[in-house]
Amino acid sequence: MQYLSTRDKTLRLRAAGAMAIGLSRDGGLFAPEAFPDLGTLDLKVLGAMSYQQRASFIMGKYLEAFGTEELERFAQRAYGPDRFDHPDVAPLHRVDSNTWCLELWHGPTCAFKDLALQMLPQLISESLNKLGEERDACILVATSGDTGKAALEGFADVPRTKILVFYPEHGVSEMQRLQMVTQSGDNVGVCAVRGNFDDAQGGVKALFSDEALREVLREKGWFLSSANSINWGRILPQIVYYISAYCDLLGAGEIKLGQKVNFCVPTGNFGNILSCYYAKRMGLPVGKLICASNRNDVLTDFIRTGVYDRNRPFHNTISPSMDILVSSNLERLLFDLSEWDDQLVKKYMADLAAAGRYEVNAALRERIQSLFYAGSCGERETGTAIRSLHRDYGYLVDTHTAVAAKVLTGYRAETGDTAPSIFVSTASPFKFCDSVLDAIGVEPAGDSFQRIEQLEKAGGVSAPRPLTALRGRPERFRQAADRTDMERVVRDFLG
Ligand SMILES: *Cc1c(COP(=O)(O)O)cnc(C)c1O
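Residues numbered from 1 in each chain as written. Predicted model: local features only at pLDDT ≥ 70, side-chain atom pairs only at ≥ 80, totals over all residues. Heavy atoms only, no water.

Colleague: Would you take a moment to explain helix 6 (residues 120-131) for this structure?
Modeller: Over its twelve residues, helix 6 extends 16 Å from the first C-alpha to the last, a length consistent with the 16 Å expected when each residue adds 1.5 Å. Among the twelve residues in helix 6, nine count as buried, and that is most of the element. For helix 6, the set of buried residues is Leu120, Pro121, Gln122, Leu123, Ile124, Ser125, Glu126, Ser127 and Leu128. One or two residues past the end of helix 6 sits Gly132, with phi positive at roughly 70 degrees. (Helix = DSSP H or I, 4+ residues; strand = E, 2+ residues; numbered from the N terminus. Expected span 1.5 Å × (residues − 1). Buried < 20%, exposed > 50% of the residue type's maximum accessible area, 1.4 Å probe, protein only.)

Colleague: Is there a simple way to think about the pairing of strand 11 (residues 286-293) in this case?
Modeller: Walk down a regular strand and you will see the side chains alternate between the two sheet faces. With eight of eight residues buried, strand 11 is to be regarded as a mostly interior element. In this structure, strand 10 (residues 261-266) lies alongside strand 11, joined through five bridges in parallel fashion. Bridging across to strand 11, Cys264 finds its partner in Ile290. Both strand 11 and strand 14 (residues 372-376) contribute to a ladder of five bridges, which runs parallel. Residue pairing for strand 14: Cys291 is matched across the bridge by Ala374. (Pairing = 2+ DSSP bridges.)

Colleague: Please explain the side chain of Arg332 as it appears in this structure.
Modeller: Along the chain, Arg332 falls in helix 14 (residues 330-337). We note that Arg332 is buried and unpaired, the nearest opposite charge coming from Glu331 at a distance of 8.4 Å. Of note is the side chain of Arg332, whose polar atom sits 2.7 Å from the backbone oxygen of Phe30. Among residues more than four places away in sequence, those in contact with Arg332 are Thr6, Leu29, Phe30, Ser229, Ile230, Asn231, Trp232, Ile235, Leu274 and Tyr278. (Lys, Arg positive; Asp, Glu negative; His and termini not counted. Salt bridge = Lys/Arg side-chain N within 4 Å of Asp/Glu carboxyl O. Polar contact = N/O pair within 3.5 Å; in protein donor to acceptor, adjacent residues only side chain to side chain. Contact = heavy atoms within 4.5 Å.)

Colleague: What am I meant to see in unusual backbone geometry here?
Modeller: Excluding glycine, residues mostly have negative phi values, and the peptide bonds linking residues are mostly trans. A positive phi angle, close to 60 degrees, is found at Asp157, a residue other than glycine. Inspection of the secondary structure assignment puts Asp157 in the loop between helix 7 (146-155) and strand 7 (161-168).

Colleague: For this particular structure, what's the right way to read the site of the ligand?
Modeller: Around the ligand lies a shell of 15 residues, among which Lys113, Asp146, Gly268, Asn269 and Thr426 are the nearest. Take Lys113: an N or O atom from its side chain is 2.5 Å from an oxygen atom of the ligand. In the environment of the ligand, an oxygen atom lies 2.7 Å from a nitrogen or oxygen atom belonging to the backbone of Gly268. Calculation on the ligand without its partners gives an accessible area of 380 Å², and the protein chains cover 96% of this total. Its residues assigned to classes, the shell around the ligand shows five nonpolar, eight polar and two charged. (Near = heavy atom within 4 Å. Areas by Shrake-Rupley, 256 points an atom, 1.4 Å probe, with all protein chains shown as cover. Nonpolar A, V, L, I, M, F, W, Y, C, P; charged D, E, K, R; others polar.)

Colleague: How do you make sense of the sheet that holds strand 4 (residues 92-96) when you look at a structure like this?
Modeller: Note: strands within a sheet are paired through backbone hydrogen bonds, in either parallel or antiparallel orientation. Pairing is mixed in the open sheet, where six strands are placed in the order 4-5-15-10-11-14. The two strands at the open ends of the sheet, each matched to only one other strand, are strand 4 and strand 14. Neighbouring strand axes in the sheet, compared pairwise and without regard to direction, differ in orientation by 25 degrees on average. As paired elements, strand 4 and strand 5 (residues 99-103) share four bridges and run antiparallel to each other. Counted as the bridge partner of Leu92 is Leu102 from strand 5. Docked against the sheet, helix 11 (residues 232-251) engages strand 4, strand 5, strand 10 and strand 15 (421-425), running at close to 140 degrees with respect to strand 10. (Axes fitted to C-alpha atoms, helices over the stretch in contact; angles between N-to-C directions.)

Colleague: I keep staring at the side chain of Ser56 and nothing clicks. Help me out?
Modeller: As for its placement among the helices and strands, Ser56 is situated in helix 3 (residues 51-60). Accessibility expressed as a relative area gives 7% for Ser56, which makes it buried. When neighbours within four sequence positions are excluded, Ser56 is seen to be in contact with Leu71 and Glu72.

Colleague: I'm lost on helix 10 (residues 211-220) in this one. Help?
Modeller: Turn by turn, an α-helix covers 3.6 residues, leaving residues three or four places apart pointing in a common direction. The distance from a side-chain oxygen at the start of helix 10 to the backbone nitrogen of Ala212 is 3.1 Å, and the residue carrying that oxygen is Asp210. Positive backbone phi, at 90 degrees, marks Gly221, one or two positions downstream of helix 10.

Colleague: Looking at this model, I keep getting lost on the pairing of strand 2 (residues 8-14). Mind explaining?
Modeller: Of the pairings in the sheet, the one linking strand 1 (residues 2-5) to strand 2 comprises four bridges and is antiparallel in character. Each bridged residue has a counterpart across the sheet, and for Leu4 the counterpart in strand 2 is Arg12. Counted along the chain from strand 1 to the antiparallel partner strand 2, the turn is two residues long.

Colleague: Explanation requested: the packing of aromatic side chains in the structure shown.
Modeller: Each pair of aromatic rings is reported with the distance of its centres and the angle of its planes. Under the definition given, this model contains 17 aromatic pairs. Measuring from ring centre to ring centre gives 5.9 Å for Phe270 and Phe372, while their planes differ by 35 degrees; the resulting arrangement is tilted. Highlighted residues: Phe270 in the loop between strand 10 and helix 12 (271-281) and Phe372 in strand 14, separated in sequence by 102 residues. We note that Phe270, like Phe372, is buried. A connected cluster of aromatic rings, assembled from ring pairs, spans Tyr3, Phe35, Tyr62, Trp232, Phe270, Tyr277, Tyr278 and Phe372. The side chain of Arg304 reaches across the aromatic face of Tyr373, ending 5.6 Å from its centre. (Phe/Tyr/Trp six-rings, centres within 6.5 Å; stacked < 30°, edge-to-face > 60°. Lys NZ or Arg CZ within 6 Å of the ring centre and 35° of its normal.)

Colleague: Just to check I follow, could you spell out the sheet that holds strand 3 (residues 30-32) for this structure?
Modeller: Strand order across the open sheet formed by three strands is 2-1-3, with antiparallel pairing between neighbours. At either margin of the open sheet sits one strand with a lone partner, and together these are strand 2 and strand 3. Neighbour-to-neighbour, the strand axes of this sheet turn through a mean angle of 40 degrees, independent of strand direction.

Colleague: Which parts of the structure should I look at to understand the pattern of salt bridges?
Modeller: Oppositely charged side chains are able to pair whenever their charged atoms sit close together. Enumeration over the complete set of coordinates arrives at 29 salt bridges. We note a salt bridge from Arg135 to Glu133, for which the minimum N-O separation is 2.9 Å. Its relative accessible area of 23% is what places Arg135 among the partly exposed residues. Accessibility expressed as a relative area gives 22% for Glu133, which makes it partly exposed.

Keep in mind these values describe shape, not function.
The structure is reproduced here in structure tokens:
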């Protein structure tokens, strides 16, 4: 199978090439040329498999150059019991007779990004071997919190890779900072940037387009690569859990084969929900794709009107991983729904870069609206959703998950749709202790670990081990740099 650039479909690469470089050289994203059909037979076969087997089976359909045994080995390592604290890896929690929550935070960093970032490093590392690439990959990441830690954990001690993460010095939570600066591994580095997330991200983007730096690195045997969700190797592993969740409902006798299930996804960069759309393209009986946003509701407006307009105030919310105004992966959806009209996609993206705005044509808008529903949830409503799930169902969720739960409720009220529905849980509530404590009426007190204990007590559940285990761990990385110094940090890091 080949992967086409969304801005020029004549630029095509096989999976290994696409995953090694991340972004196409014309600035487009790589999209698969076809969607392997699941059919009812596959769904039955998958039902009897473990999560790890499901992952290698589904991913194998897109990665012919990778052997079954190889993919099984990757999946065992990525989703094994030493990394995930639940045997189902991505378990469904039943909320009521018609509603489930898909918990994607049982991995080593307690956010859904582990599902992709435990797999991606192995895919990149093996891609380099398959391509006969002699240089090794240096992964640069700018993070506002969750991606950085998940990438560090995924790439730690992976052969032929090094990873350097930049985070805004005062822009991440104390727990997120601790998670990063205590990271183990011989090939990892973490550096604070004096500035906000845009400074860190702008700095990393500048490094990627710095030809002189690339030349120096090339001579030393390195090339730069990316671990964020523009990389196909992050989207692919996420398709698996949607299919897996459907198989689990089927296996439990909750639905009949072929019956449609709605998914409601808390959305930022549009990567997670895009994977759900791809699962539907493979024939998974998905009903409505429900796109949930917080106060940064650019996607809600887009899906409802066909106008994407980032010219609006940016809000810092209690669901920070969704605080984003440019959702990169939307480009892949536009490419697919326009039947690969690369010139159209290119024009929209040029409009976005120049004016911060584009409007899709009527045909495209109608297609999007027939597949997707969109809603947003304010700060107060997020807290209310946490409180009522806890009070009415004894179920504790984090702020991002609460946004999805609330938008699903709104969707049902507005449409009267009674189809079985799953809302996606993207982080452990213990990652956002303060906001969750606030929501359930407990005043946060003491340090990060005392707050975890407060939440354990109030919520009646234990905190994930990877968070409590941070207590007392030595802080390995104390470096802070100005944005203008980031290049030097990279050079020092690579030696
Ligand atoms: C990254 C993230 C999201 C947003 O996911 P996208 O794939 O960017 O849409 C939502 N919730 C949490 C907790 C995240 O870390």
